[in-house]
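Descriptive analysis of the structure
Spelled out, the chains give:
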There are 2 protein chains.
Amino acid sequence: MLNLHALRLFHHVAEQGSVTKAADQLNISQPAVTSQIKKLERELGLPLLSPLGRGILLTEAGKRLAAEAGRLFALERNIEQTIDDYIQGNAGRLLIAATYLPANFLLPASIAKYKQHYPNVEVQFTTTSSANAINLLLRYEADIAFIGGARQSHPSLDSKQWIEDEMWFVIHKNHRLASQETLLAEVIKEPIAFREKGSYSREQLLAMCQLHRLELPKVGLQLNGFSELIRVVSEGYGVAFLSALEAREEVERGDLRRIYVKDVRLTNPISLHQRKEALPAQARRFLDFVPAGL
Amino acid sequence: MLNLHALRLFHHVAEQGSVTKAADQLNISQPAVTSQIKKLERELGLPLLSPLGRGILLTEAGKRLAAEAGRLFALERNIEQTIDDYIQGNAGRLLIAATYLPANFLLPASIAKYKQHYPNVEVQFTTTSSANAINLLLRYEADIAFIGGARQSHPSLDSKQWIEDEMWFVIHKNHRLASQETLLAEVIKEPIAFREKGSYSREQLLAMCQLHRLELPKVGLQLNGFSELIRVVSEGYGVAFLSALEAREEVERGDLRRIYVKDVRLTNPISLHQRKEALPAQARRFLDFVPAGL
DNA sequence: AATAATTATATATTATATTTATAATTTAAT
DNA sequence: ATTAAATTATAAATATAATATATAATTATT
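Position labels on residues start from 1 in each chain and follow its written sequence. Going through the entries in the order they are written, you letter the chains from A and number the ligands from 1. Residues qualify for local features only when their pLDDT is at least 70, as the model is predicted, and side-chain atom pairs are given and counted only at 80 or more; totals for whole chains, interfaces and linings, by contrast, use all residues. Processing note: side-chain calculations cover all non-hydrogen atoms of the structure and skip hydrogens and water entirely.

An unreviewed UniProt entry lists chain A under the name LysR family transcriptional regulator, with Cohnella silvisoli as the source organism. Taken from UniProt, the Sequence similarities (unreviewed entry) comment for chain A reads in full: "Belongs to the LysR transcriptional regulatory family." UniProt positions are given in the numbering used here, feature names are shortened, and annotations may be inferred rather than shown by experiment.

Below you can see the structure in the form of structure tokens.
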């Protein structure tokens with residue numbers, strides 16, 4: 001096990017060819033340098049310097065050791081550079097977890113812009129359930145998580161509201177309710193195309209019916225993804241209750257129309273989660289590319 | 001400038017996956033390790049470890065740093081090995097200086113044997129004047145010097161007598177004095193083939209004549225190398241006064257004959273010189289292959 | 001709930017590196 | 001030849017840093 005502190009001082013002495021100059025460069029006193037080099041010589045059992053006039057000369061062993069020390073401290077500088085790149089967020093990994101809504105409608109644009117600015121950062125983007133996103137954060141397998149719907153959280157995480165998306169009722173453009181104002185009681189007379197059990201939209205809608213003391217709507221269809229849902233409603237079957245983000249494109253294109261349900265105004269909260277410790281630079285930089293929350 | 005001490009402890013922690021095990025391995029207490037790692041985290045501004053149950057987990061930055069640290073400490077072991085080879089005398093350089101007599105008649109056999117045992121040592125063998133041999137020692141451009149003739153020396157060098165070679169008078173095999181006993185006074189009536197001015201044999205012979213209060217011999221021929229000298233005498237011209245080592249082969253072959261000069265018994269001392277500090281292992285090992293002095 | 005294992009923290013102690021002052025050596029200058 | 005300047009070496013005192021001890025806090029295991 002080499003004495004790397006003493007070796008560092010020796011490295012400077014070898015480079016400068018002088019104990020005094022090395023001490024100046026190191027901002028320590030000359031005797032401190034002499035003493036460390038004597039110590040290194042004792043530890044190695046090799047003479048490294050020999051006096052030459054007023055000054056010193058490297059012995060053969062000294063020259064060889066200096067060459068090796070040069071390699072070692074070059075590697076050290078290399079590592080420092082790597083660390084600095086990492087700290088600056090110019091290298092390393094960016095670990096993002098998200099649920100399907102932000103993963104599909106909000107983040108892709110941000111990730112693309114981020115990658116253009118930080119091409120050397122390896123981006124790992126995981127779409128998963130909100131519960132698993134939390135786990136990834138805790139296990140350091142994600143640095144930030146974007147979670148839509150239910151406000152999942154955890155005591156050792158920091159969470160904040162990010163975007164509040166409106167919930168929309170949508171229907172086929174030729175339906176009599178298309179673009180009409182009406183009430184929830186009217187809407188649930190129509191067959192409803194639902195997402196899977198436990199999904200935020202489904203739970204919210206059922207809760208709203210209970211609140212209004214209405215009969216629960218009949219589950220006309222149950223579908224697993226938002227695009228399947230939209231396709232079915234576009235084909236003319238029933239009403240869908242979903243995030244504006246999911247439906248906006250179809251509505252703007254005119255394939256679907258909203259129903260303006262006056263007595264229901266629900267939103268789908270999307271939140272941002274991270275560990276309590278300081279955010280890694282990669283994630284911090286990424287957030288610069290993410291549209292600000294409301 | 002990395003804190004290489006703390007980095008070393010961190011390296012062990014990363015390798016063991018445990019602060020406690022690393023402390024055991026390092027033979028220091030567990031809090032010493034924890035404290036150094038906290039210090040490193042502060043210095044780098046990066047979290048390296050995070051608690052995981054009872055135990056720790058490397059952060060992303062920790063994993064990256066551990067990989068870099070692995071490279072650095074592997075290089076350290078490499079250097080240690082190089083140093084050890086050097087200390088054992090299995091690598092490095094062997095720097096020998098010698099004057100022509102040991103360089104030609106004594107050392108070549110030793111160097112050959114040494115090289116067979118230590119093929120990885122670079123041998124540098126310089127034939128030069130005795131004064132320059134001393135300089136090479138002082139400038140660390142030689143580790144040992146074999147000097148024939150005048151007993152050169154220097155206060156900061158250790159010198160010791162090594163071999164005492166006899167001085168011989170030799171002459172052509174058909175000469176009337178060939179293999180005869182006689183006196184110096186008789187010999188110097190013959191023409192003498194001399195080496196260059198200042199050479200040991202020439203000075204010694206002239207001093208001997210003065211001591212015996214004889215007229216100085218006439219310089220029949222002056223030659224610069226011993227082989228030229230021998231060739232001339234072999235061809236039948238005059239008497240040569242030289243080291244037994246130089247003449248032995250020719251005498252044994254019968255081309256030359258000695259003259260046994262009863263009132264002159266001179267020797268050519270060959271001495272061994274080194275700096276006062278410990279001899280490098282390469283030179284120490286080499287001396288094992290050198291025939292012991294008288 | 002109790003125990004064992006592990007890391008974290010606080011304080012005291014020890015070890016180590018550094019400074020200050022000065023000596024010794026050598027070169028260069030007068 | 002003396003003197004002055006530059007450099008490294010040495011010794012003692014000081015400052016800094018690393019470590020040990022004791023204990024707390026956390027978590028997994030029984």
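What follows covers the overall build of chain A. Looking only at helices and strands, one finds 11 helices and 12 strands in chain A. With C-alpha atoms as the basis for the radius of gyration, the globule rule is written as 2.2 Å multiplied by the number of residues raised to the power 0.38. At 33 Å, chain A has a C-alpha radius of gyration far larger than the 19 Å of a compact globule built from 294 residues. When its C-alpha atoms are laid out on the principal axes, chain A stretches across 105 × 35 × 25 Å. Each residue is placed in one exposure class: buried if its accessible area under a 1.4 Å probe, protein chains only, is under 20% of its type's maximum, exposed if it is over 50%, and partly exposed if it falls in between. Counting every position in chain A, which comprises 294 residues, the buried fraction comes to 50%. Note on contacts: a residue pair is in contact if any heavy atoms of the two residues lie within 4.5 Å. Put simply, of all contacts in chain A between residues at least 6 apart along the chain, 74% involve residues at least 24 apart. Of the roughly 14,500 Å² of accessible surface on chain A, a fraction of 49% belongs to carbon and sulfur atoms. Only four residue types enter the tally: Lys and Arg on the positive side, Asp and Glu on the negative side, with His and both chain ends excluded. Charged side chains are reduced to one point each, which is NZ for Lys, CZ for Arg, CG for Asp and CD for Glu. In chain A, which carries 35 positive and 33 negative side-chain charges, the distance between the mean positions of the two groups comes to 3 Å. Numbering of helices and strands runs from the N terminus, with a helix taken as a DSSP run of H or I at least four residues long and a strand as a DSSP run of E at least two residues long. The protein chains shown are the only cover counted for residues, whose accessible areas, like all others here, come from Shrake-Rupley with a 1.4 Å probe.

Working note: a packed helix pair is described by the angle between its axes plus the distance between those axes. Residue and element names in this part refer to chain B. Taken N-terminus to C-terminus, the directions of helix H9 (residues 226-234) and helix H10 (residues 244-253) make an angle of 35°; their axes are 11 Å apart at the nearest point. In this structure, H9 crosses over H10, and the sense of that crossing is right-handed. Facing H9, whose interface residues are Phe226, Ile230 and Ser234, H10 presents Glu246, Ala247 and Glu250. The residue makeup of the contact of H9 with H10, split by class, is three nonpolar, one polar and two charged. Structural elements are reduced to axes, namely lines fitted to C-alpha atoms, with helices fitted over the stretch in contact, and the angle between N-to-C directions of any two is expressed from 0 to 180 degrees. By definition, any crossing whose near helix is turned counterclockwise from its far helix by less than a right angle is left-handed, and any crossing with a clockwise turn is right-handed. Residues are grouped as follows: Ala, Val, Leu, Ile, Met, Phe, Trp, Tyr, Cys and Pro are nonpolar; Asp, Glu, Lys and Arg are charged; every other residue, Gly included, is polar.

Looking now at the domain arrangement of chain A. Residue and element names in this part refer to chain A. An automatic or database domain assignment is the source of the domain bounds shown. Segmenting chain A into domains produces domain 1 (4-88), domain 2 (92-163 + 269-287) and domain 3 (166-266). Placing a centre on the C-alpha atoms of domain 2 and another on those of domain 3 gives a separation of 29 Å. At the interface, nine residues of domain 2 touch six residues of domain 3. Together, Tyr100, Leu101 and Phe105 form the three largest contributors to the area buried by domain 2 at its contact with domain 3, with a combined 64%. Basic side-chain nitrogens of Lys or Arg form a salt bridge, by our definition, when they fall within 4 Å of a carboxyl oxygen of Asp or Glu. Joining domain 2 to domain 3, the criterion identifies zero salt bridges. What counts as buried area is the accessible surface, traced by a 1.4 Å probe, that two parts surrender upon association, with contributions from both included.

This paragraph deals with the interface of chain B and chain A. With 32 residues of chain B at the interface, the matching set in chain A holds 31 residues. A buried area of about 3,300 Å², summed over both sides, lies between chain B and chain A, and 68% of it is on carbon and sulfur atoms. Sorting the residues of chain B by area buried against chain A places B:Ile79, B:Tyr86 and B:Tyr140 first, and these three jointly supply 17% of that buried surface. If you look at where chain B meets chain A, you find two salt bridges. Polar contacts, as used here, are pairs of N or O atoms within 3.5 Å; protein pairs need one atom able to donate a hydrogen and one able to accept it. Residues neighboring in sequence count only if both atoms are side-chain atoms. On the surface where chain B and chain A come into contact, there are nine residue pairs in polar contact (both at pLDDT 80 or more). No other element matches helix H4 (residues 60-88) of chain B, which puts 17 residues into the side of chain B that touches chain A. Grouping the amino acids of the side of chain B that touches chain A by side-chain chemistry returns 16 nonpolar, five polar and 11 charged.

It is worth spelling out the relation of the copies chain B and chain A at this point. Mapping chain B onto chain A calls for a screw motion: a turn of 179° about the axis and a shift of 0.0 Å along it, with 0.3 Å RMSD after fitting. Taken together, the rotation and translation describe the operation of a two-fold axis. Mapped onto chain A, 94% of the interface residues of chain B are again interface residues, and the two copies thus contact each other with one and the same surface. Superposition of the copies was done by least squares, using only C-alpha atoms of residues whose pLDDT is at least 70 in both.

Any residue with a non-hydrogen atom lying within 4 Å of a molecule or strand is treated as near it. The immediate surroundings of DNA strand C are formed by 21 residues, with A:Ser29, A:Lys39, A:Arg54, B:Thr20 and B:Gln30 found nearest. For DNA strand C, the fraction of protein-proximal atoms (within 4 Å) that sit in sugar or phosphate groups is 64%. Separating a phosphate oxygen of DNA strand C from a side-chain N or O atom of A:His5 is a distance of 3.3 Å. For DNA strand C, a phosphate oxygen lies 2.5 Å from a polar atom in the side chain of A:Lys39. Secondary-structure elements contributing two or more residues to the surface near DNA strand C are helix H3 (30-44) of chain A together with helix H2 (19-26) and helix H3 (30-44) of chain B. Looking at the surface near DNA strand C element by element, the count peaks at five residues for H3(A). By residue class, the composition of the surface near DNA strand C is six nonpolar, 11 polar and four charged.

Before going further, it helps to spend a moment on the side chain of A:Ser271. All names here are of chain A. When you line up the elements, Ser271 lands in strand E12 (residues 267-275). Here Ser271 falls in the buried class, since its relative accessible area comes to 9%. Polar side-chain contacts of Ser271 include one of 2.7 Å to the side chain of His273. Those residues in contact with Ser271, other than ones at most four positions away along the chain, are Ala145, Phe146, Ile147, Lys160, Gln161 and Trp162.

Quick look at the pattern of salt bridges now. Working definition: two side chains of opposite charge can pair if their charged atoms are close together. Counted according to the given criterion, the structure contains 28 salt bridges over all chains. Between A:Glu166 and A:Arg265 there is a salt bridge, and its shortest N-O distance comes to 3.2 Å. Here A:Glu166 is found in strand E6 (residues 157-172), whereas its partner A:Arg265 is found in the loop between strand E11 (256-261) and E12, with 99 residues between them in sequence. The closest approach of N and O atoms between B:Arg285 and B:Asp288, which form a salt bridge, is 3.7 Å. A residue is classified by how much of its surface remains accessible, and B:Asp288, at 56% relative accessible area, is exposed. One network of salt bridges, with partners in common, ties together A:Glu249, A:Glu250, A:Arg253 and A:Asp255.

Another point: the protein's contact with DNA strand D. Residues in contact with DNA strand D amount to 20 residues; listed here are only the nearest, A:Val19, A:Thr20, A:Gln30, B:Ser29 and B:Lys39. Those atoms of DNA strand D that come within 4 Å of the protein belong to sugar or phosphate at a rate of 65%. Take A:Arg54: an N or O atom from its side chain is 3.1 Å from a base nitrogen of DNA strand D. A distance of 2.4 Å separates a phosphate oxygen of DNA strand D from a polar atom in the side chain of B:Lys39. Those elements that provide at least two residues to the surface near DNA strand D are helix H2 (19-26) and H3 of chain A together with H3 of chain B. Looking at the surface near DNA strand D element by element, the count peaks at five residues for H3(B). Looking at the surface near DNA strand D, its residues break down into six nonpolar, 10 polar and four charged.

Taking the numbering used here, the UniProt-annotated feature "domain: HTH lysR-type" (unreviewed entry) corresponds to residues 2-59 of chain A. Its end C-alpha atoms 19 Å apart, residues 2-59 of chain A is made of 62% helix and 10% strand.

Here the focus is the environment of B:Ile144. All names here are of chain B. Looking at the secondary structure, you find Ile144 in strand E5 (residues 144-148). Accessibility expressed as a relative area gives 0% for Ile144, which makes it buried. Sequence spacing of Ile144 and Arg54 is 90 residues, and the spatial spacing of their C-alpha atoms is 62 Å. Once residues lying within four places of it in the same chain are set aside, the contact partners of Ile144 are Leu95, Ile96, Ala97, Leu137, Leu272, His273, Gln274, Leu279, Ala283, Phe286 and Leu287.

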